[in-house]
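Spelled out, the chains give:
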Protein chains: 2
Amino acid sequence: MKKDIPACPVEVTLMLMGDKWKILIIRDLLDGTKRFGELKRSVCGISQKMLTANLRTMEECMLVDRKVYAEVPPKVEYTLTETGYSLKTVLDAMAEWGEHYKRQAGA
Amino acid sequence: MKKDIPACPVEVTLMLMGDKWKILIIRDLLDGTKRFGELKRSVCGISQKMLTANLRTMEECMLVDRKVYAEVPPKVEYTLTETGYSLKTVLDAMAEWGEHYKRQAGA
DNA sequence: CTCAATAGTATCTTTTAGGCAACTATAGCA
DNA sequence: TGCTATAGTTGCCTAAAAGATACTATTGAG
């Protein structure tokens with residue numbers, strides 16, 4: 001059962017990706033497809049549990065695509081869907097603001 | 001003691017405003033100065049404690065300005081600083097994405 | 001036969017978030 | 001005299017989130 005979608009579009013976005021880990025996962029996936037282990041290493045500080053959990057909900061929300069290869073040892077690749085990739089504008093805005101803030105704070 | 005600023009600009013932004021309540025507070029303050037009680041009513045579902053706590057840290061990070069009037073009953077006004085207001089670009093991106101997602105999902 | 005590597009689960013513990021209720025100060029008003 | 005309204009603070013408590021650790025399956029390599 002899906003939660004109902006809030007009226008406010010900001011809240012909608014918040015619901016789908018307003019979460020530290022999700023944002024960092026998206027940030028790293030914007031560079032392209034990554035394997036589970038790669039993400040675990042690149043998303044600094046995330047636990048296996050959190051990574052799995054977040055990837056699962058993002059998959060449900062159609063933000064990422066999960067591709068399992070029938071190999072041993074296992075290989076699973078994660079890729080942003082078109083919808084997921086479109087979050088780039090948000091991430092870009094955040095990155096730009098972060099840069100700006102650092103310049104302010106550093107001065 | 002301030003936490004040290006992360007290298008990644010996205011993480012910087014996340015650290016300052018990557019929090020459900022902060023984003024909603026900023027969203028509502030983008031319309032202009034508001035009193036404590038007004039915010040409490042407009043940020044749907046927030047408790048007094050959370051509102052106070054979030055406003056305090058946002059004040060520390062120089063995102064909002066707190067103005068106390070020496071009146072009875074007390075009157076306190078909150079306004080976004082220039083830095084705080086500059087988060088509008090991020091909120092706008094989020095709002096736009098949210099709209100887009102709703103159109104997709106609603107179809 | 002056993003080990004390594006990957007992508008997870010399962011379980012337990014700790015940390016954090018957040019709600020609830022009570023308390024404060026004080027000018028004006030009935 | 002006591003009530004009201006506002007913007008808090010403080011303490012207590014619960015529930016949810018996150019972290020740590022151990023475990024699983026599989027198979028090719030040695």
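That block above? That's the structure.
Below you will find a few notes about this structure. (Residues numbered from 1 in each chain as written. Chains lettered and ligands numbered in written order. Predicted model: local features only at pLDDT ≥ 70, side-chain atom pairs only at ≥ 80, totals over all residues. Heavy atoms only, no water.)

## Thoughts on the pairing of strand β3 (residues 75–80) of chain A
Every other side chain in a regular strand lies on the same face of the sheet, so the side chains alternate between the two faces.
All names here are of chain A.
Move 1: Relative to β3, strand β1 (residues 34–35) is paired through two bridges, and the arrangement is antiparallel. Bridged to lysine 34 within β3 is tyrosine 78.
Move 2: Summarising the sheet, strand β2 (residues 64–69) and β3 pair through six bridges and their orientation is antiparallel. Paired with valine 64 across the bridge in β3 is leucine 80.
Move 3: What sits between β2 and β3 in their antiparallel hairpin is a turn of five residues. (Pairing = 2+ DSSP bridges. Helix = DSSP H or I, 4+ residues; strand = E, 2+ residues; numbered from the N terminus.)

## A few points about the protein's contact with DNA strand C
Move 1: In the neighbourhood of DNA strand C, 19 residues make up the surrounding shell, with A:Gln48, A:Arg66, A:Pro74, A:Tyr78 and B:Lys49 lying closest.
Move 2: Here, DNA strand C places atoms within 4 Å of the protein, and 56% of those atoms are sugar or phosphate.
Move 3: Contact between DNA strand C and A:Gly37: a phosphate oxygen at 3.0 Å from a main-chain N or O atom of the residue.
Move 4: Between a phosphate oxygen of DNA strand C and a side-chain N or O atom of A:Arg56, the distance comes to 3.3 Å.
Move 5: Within the residue set of the surface near DNA strand C, elements represented by two or more residues are α3 (36–42), α4 (48–60) and β3 of chain A together with α4 (48–60) of chain B.
Move 6: Looking at side-chain class alone, the surface near DNA strand C contains eight nonpolar, five polar and six charged residues. (Near = heavy atom within 4 Å. Polar contact = N/O pair within 3.5 Å; in protein donor to acceptor, adjacent residues only side chain to side chain. Nonpolar A, V, L, I, M, F, W, Y, C, P; charged D, E, K, R; others polar.)

## Side note on the protein's contact with DNA strand D
Move 1: The environment of DNA strand D is formed by 18 residues, the closest being A:Lys49, B:Arg35, B:Thr52, B:Arg66 and B:Pro74.
Move 2: Among atoms of DNA strand D positioned within 4 Å of the protein, sugar and phosphate together represent 62%.
Move 3: In the model, a base oxygen of DNA strand D is placed 2.4 Å from a nitrogen or oxygen of the A:Lys49 side chain.
Move 4: Within the contact set of DNA strand D, a phosphate oxygen lies 3.2 Å away from a side-chain nitrogen or oxygen of B:Arg56.
Move 5: Looking at the surface near DNA strand D element by element, the count peaks at four residues for α4(B).
Move 6: Looking at the surface near DNA strand D, its residues break down into eight nonpolar, four polar and six charged.

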